[in-house]
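# Coordinates in review
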Amino acid sequence: MMKTDTLDQIAYALYLAERDVYEVTKFVERYPELTVETAYDIQDKLIELKCKHEQTSISGLKLGLTSKAKQQMMGVHEPTYGVLLANMAVNAQHPISLKSLIHPKIEPEIAFVFKEDLVGPVVTVAHVLIATAYVAPAMEIIDSRYLNFHFTLPDVIADNSSSSRYIVGSQKYAVNEVDLVNMGCIFTQNDEMIATSTAGSVMGHPARAIAWMANKLIARGQHIRAGDIVLSGALTGSATMHAGDSFTVSFDGMESLSVQVER
Ligand code: 0L1
Ligand code: MG
């Protein structure tokens, strides 16, 4: 059992690393007893700190490690989740500054916006779809606070699953307007295609990842709330962001979404 003080110290160290834009080494090396459950306790503390000091609030949640490839890389069989805050939202109309980020990467996602609460523990894909107000194309900027993006599963969970920024397209689509299994996705960097995928690459159906999360959250007394934005997990690998880059994600049947990085 780790002491509450230690959990507070880890949360504060991660908060400072993000605020002051520097890397830290993984905590599992210093605290081998750090478990996944304890890591979610640290994540809760980190979110509390950020809400208080940045005067922001929770806007939703994100899934991470939803692809088999990322899970195999980490030697795990389950995804992770993290919290989205209102001040992480990026407006695609303006170039993104990398000044306050450590080593950002960007990846295509599908955003689900909820019209109803979704409470585990027996949430299914069908429940997720019924509770969804709309889906929209999205991108997530991940920016691990760990040195060279090197971490273990508890480390990355404590670090809010590498959450940093998110961009959601302005066009809204009903869940039955798009094919959430076969819909193709093309990801381009500076007008060059860097990856392709389908919506079903996220655990067979992106709503399955969200159902998994709803069923996990309830064990911690939490749930998806009406109004929440949920990023379902990346459809392709992530791309390193450089000054001047542009990124576009194009899904079949949805308007494409582009962002420009400041020079
Ligand atoms: O959104 C993601 O899939 C990232 C989860 C954390 C792992 C990573 O930083 O690659
Ligand atoms: Mg992601």
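Numbering of residues starts from 1 in each chain and follows the order in which that chain's sequence is written. Lettering for chains starts from A, numbering for ligands starts from 1, and both go in the order in which the items are written. Given that the model is predicted, a residue must reach a pLDDT of at least 70 before its local features are reported, and side-chain atom pairs must reach 80 or more before they are shown or counted; all residues, however, enter totals for whole chains, interfaces and linings. Calculation of side-chain values draws on the structure's entire complement of heavy atoms; hydrogens and water are dropped beforehand.

In the annotation of an unreviewed UniProt entry, the entry for the chain reads 2-hydroxyhexa-2,4-dienoate hydratase, and the organism field reads Lysinibacillus sphaericus.

### A closer look at the environment of glycine 64
The topology assignment puts glycine 64 in strand 1 (residues 58–64). With 92 residues separating them along the chain, glycine 64 and valine 156 place their C-alpha atoms 9.7 Å apart. Residue contacts for glycine 64: discarding those within four places in its chain leaves Pro79 and Thr80. By the criteria applied, helices consist of DSSP H or I runs no shorter than four residues and strands consist of E runs no shorter than two, each listed in order from the N terminus. Note on contacts: a residue pair is in contact if any heavy atoms of the two residues lie within 4.5 Å.

### Brief notes about the coordination of the magnesium ion (ligand 2)
A donor here means any N, O or S atom no more than 2.8 Å from the metal (3.2 Å for Na, K and Ca); water is not included, so a site may seem to lack partners. Listed as protein donors to the magnesium ion (ligand 2) are Glu107 (OE), Glu109 (OE) and Glu140 (OE); their distances from the metal cover 2.0 to 2.1 Å. One chain supplies every donor for the magnesium ion (ligand 2), spaced along it as E-x1-E-x30-E. We note that glutamate 107, like glutamate 109, is buried. Each residue gets one of three labels from its accessible area relative to the maximum for its type: buried under 20%, exposed over 50%, partly exposed in between, using a 1.4 Å probe on protein chains only.

### Comments concerning the packing of aromatic side chains
When two rings of Phe, Tyr or Trp (its six-membered ring) have centres within 6.5 Å they constitute a pair, described as stacked for plane angles under 30 degrees, edge-to-face for angles over 60, and tilted for the intermediate range. Using the criterion set out here, one finds 7 aromatic pairs in the structure. For a Lys NZ or an Arg CZ to count as sitting over a ring, it must be within 6 Å of the ring centre and within 35 degrees of the ring normal. Positioned above the aromatic ring of phenylalanine 149, the side-chain terminus of lysine 105 is 4.1 Å from the ring centre.

### Quick notes on helix 1 (residues 4–19)
Three- or four-residue spacings in an α-helix give side chains the same orientation, since the helix completes a turn every 3.6 residues. Here the expected span of a helix is defined as 1.5 Å times the quantity of residues minus one. The end-to-end C-alpha distance of helix 1, which contains 16 residues, comes to 22 Å, matching closely the 22 Å that a straight helix rising 1.5 Å per residue would cover. Every buried residue of helix 1 is listed here: Thr6, Leu7, Ile10, Ala11, Leu14, Tyr15, Leu16, Ala17 and Glu18.

### Remarks on the packing of helix 1 against helix 2 (residues 36–53)
Packing of helix 1 against helix 2 leaves a shortest axis separation of 9 Å and a crossing angle of 55°. Judged by the angle between their axes, helix 1 and helix 2 are oblique. The handedness of the crossing between helix 1 and helix 2 comes out as right-handed. Two secondary-structure elements touch here, helix 1 through Thr4, Leu7, Asp8, Ile10, Ala11, Tyr12, Leu14, Tyr15 and Glu18 and helix 2 through Thr38, Asp41, Ile42, Lys45, Leu46, Leu49, Lys50 and His53. The residue classification treats Ala, Val, Leu, Ile, Met, Phe, Trp, Tyr, Cys and Pro as nonpolar and Asp, Glu, Lys and Arg as charged. All others, Gly included, are polar. Class assignment for the residues of the contact of helix 1 with helix 2 results in 9 nonpolar, 3 polar and 5 charged. Structural elements are reduced to axes, namely lines fitted to C-alpha atoms, with helices fitted over the stretch in contact, and the angle between N-to-C directions of any two is expressed from 0 to 180 degrees. Angles below 35 degrees are treated as roughly parallel, those above 145 as roughly antiparallel, those between 65 and 115 as roughly perpendicular, and all remaining angles as oblique. Crossings are classed by handedness, with left-handed meaning an anticlockwise turn of the near helix from the far one by less than a right angle and right-handed meaning a clockwise turn.

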